[in-house]
Amino acid sequence: MADDKQGREEQADNEEKRQRKRMQEEAQTRADEPEPVHEEPDDHLGELDDALESHDYPADTEELVETYGDYEVETRDGSESLEDVLDESEDRTYESADDARSRILGLLRR
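Rules and cut-offs
- Residues numbered from 1 in each chain as written.
- Predicted model: local features only at pLDDT ≥ 70, side-chain atom pairs only at ≥ 80, totals over all residues.
- Heavy atoms only, no water.
- Patch = residues over 30% accessible without salt bridge, like charges linked within 9 Å, V, L, I, M, F, W, Y side chains within 5 Å.
- Areas by Shrake-Rupley, 256 points an atom, 1.4 Å probe, with all protein chains shown as cover.
- Salt bridge = Lys/Arg side-chain N within 4 Å of Asp/Glu carboxyl O.
- Lys, Arg positive; Asp, Glu negative; His and termini not counted.
- Charge placed at Lys NZ, Arg CZ, Asp CG, Glu CD.
- Helix = DSSP H or I, 4+ residues; strand = E, 2+ residues; numbered from the N terminus.
- Buried < 20%, exposed > 50% of the residue type's maximum accessible area, 1.4 Å probe, protein only.
- Arc of directions from axis to C-beta.
- Phe/Tyr/Trp six-rings, centres within 6.5 Å; stacked < 30°, edge-to-face > 60°.
- Core = buried A, V, L, I, M, F, W, Y, C linked by side-chain atoms within 4.5 Å.
- Contact = heavy atoms within 4.5 Å.
- Axes fitted to C-alpha atoms, helices over the stretch in contact; angles between N-to-C directions.

**A word on a negative patch on the surface**
Okay, so step 1: Negative charge collects at one region of the surface, where Asp70, Glu72, Glu83, Asp84, Asp87 and Glu88 lie side by side.
Okay, so step 2: With three residues, helix 5 (residues 82–87) is the single largest residue contributor to the negative patch.
Okay, so step 3: Within the secondary structure, Glu88 sits in the loop between helix 5 and strand 4 (93–94).

Below, the structure written as structure tokens:
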């Protein structure tokens, strides 16, 4: 290909065609992928989610275990009591229901 204006334009056109083909191939590949599942917190926390929402904050781990330790939450292997889930973490203070929920869900994903 000549190094003149026409040659550069042809080269640019060819690059654009290759780019479009790559994008089409990628789109076809991704079409076969499953859609991500966005789970709601109460999918794992069940009744505990509402209980955490109505609790007075700030609250520490010990207080949550004393109050809600018997609540069952879904884990990868079935279910586990909140006491067992939080037993694996250090004592901390939660400023809100969202803060407590985030920590619990984080521990469940381990």
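**Focus on helix 3 (residues 47–54)**
Okay, so step 1: Taken together, the buried positions of helix 3 are Leu48, Asp49, Ala51 and Leu52. Down the axis of helix 3, the buried side of the element spans an arc of 165°, and every buried residue falls inside it. Of the exposed residues in helix 3, the ones pointing more than 90 degrees away from its buried face are Glu47, Asp50 and Ser54.

**Things to note about the packing of aromatic side chains**
Okay, so step 1: Throughout the structure, instances matching the rule amount to one aromatic pair.
Okay, so step 2: On the numbers, 5.6 Å between centres and 70° between planes, the contact of Tyr68 with Tyr71 is edge-to-face.

**Quick word on the nonpolar core**
Okay, so step 1: Counting 19 residues, the largest nonpolar core has Leu45, Leu48, Leu52, Leu64 and Ile104 as its most contacted members.
Okay, so step 2: If you list the elements that add at least two residues to this core, you get helix 3, helix 4 (61–68), helix 5 and helix 6 (97–108).
Okay, so step 3: For this core, the element with the highest residue contribution is helix 6, accounting for six residues.
Okay, so step 4: Apart from the residues lying within four places of it in its own chain, the contact partners of Leu64 are Leu52, His55, Ala59, Gly69, Leu82, Leu86, Tyr94 and Ala100.

**Observations concerning the packing of helix 3 against helix 6**
Okay, so step 1: Interhelical geometry of helix 3 versus helix 6 gives an angle of 145° and a closest axis separation of 8 Å. Residues Leu48, Asp49, Leu52 and Glu53 of helix 3 form the contact with helix 6, whose own contacting residues are Ala97, Ala100, Arg101 and Ile104.

**A short note on the environment of Asp84**
Okay, so step 1: Within the secondary structure, Asp84 sits in helix 5.
Okay, so step 2: Given the relative accessible area of 39%, Asp84 is considered partly exposed.
Okay, so step 3: The spacing of Asp84 and Val65 is 19 residues in sequence and 9.0 Å in space, taken between C-alpha atoms.

**Notes on the pattern of salt bridges**
Okay, so step 1: Summed over all chains, the structure comprises seven salt bridges.
Okay, so step 2: A salt bridge links Glu15 to Arg22, with the shortest nitrogen-to-oxygen separation between them at 3.2 Å.
Okay, so step 3: For Glu15, a relative accessible area of 34% puts it in the partly exposed group.
Okay, so step 4: Residues participating in the shared-partner salt-bridge network are Asp49, Glu53, Asp98 and Arg101.

**What to know about helix 4**
Okay, so step 1: Among all positions of helix 4, only Thr61, Leu64 and Tyr68 are buried. Down the axis, helix 4 shows its buried residues gathered within 65° of arc, on one side only.
Okay, so step 2: Where the residues of helix 4 are buried, they touch helix 3, strand 1 (59–60), helix 5, strand 4 and helix 6.

Fair warning: the whole summary comes from geometry, so function is off the table for now.
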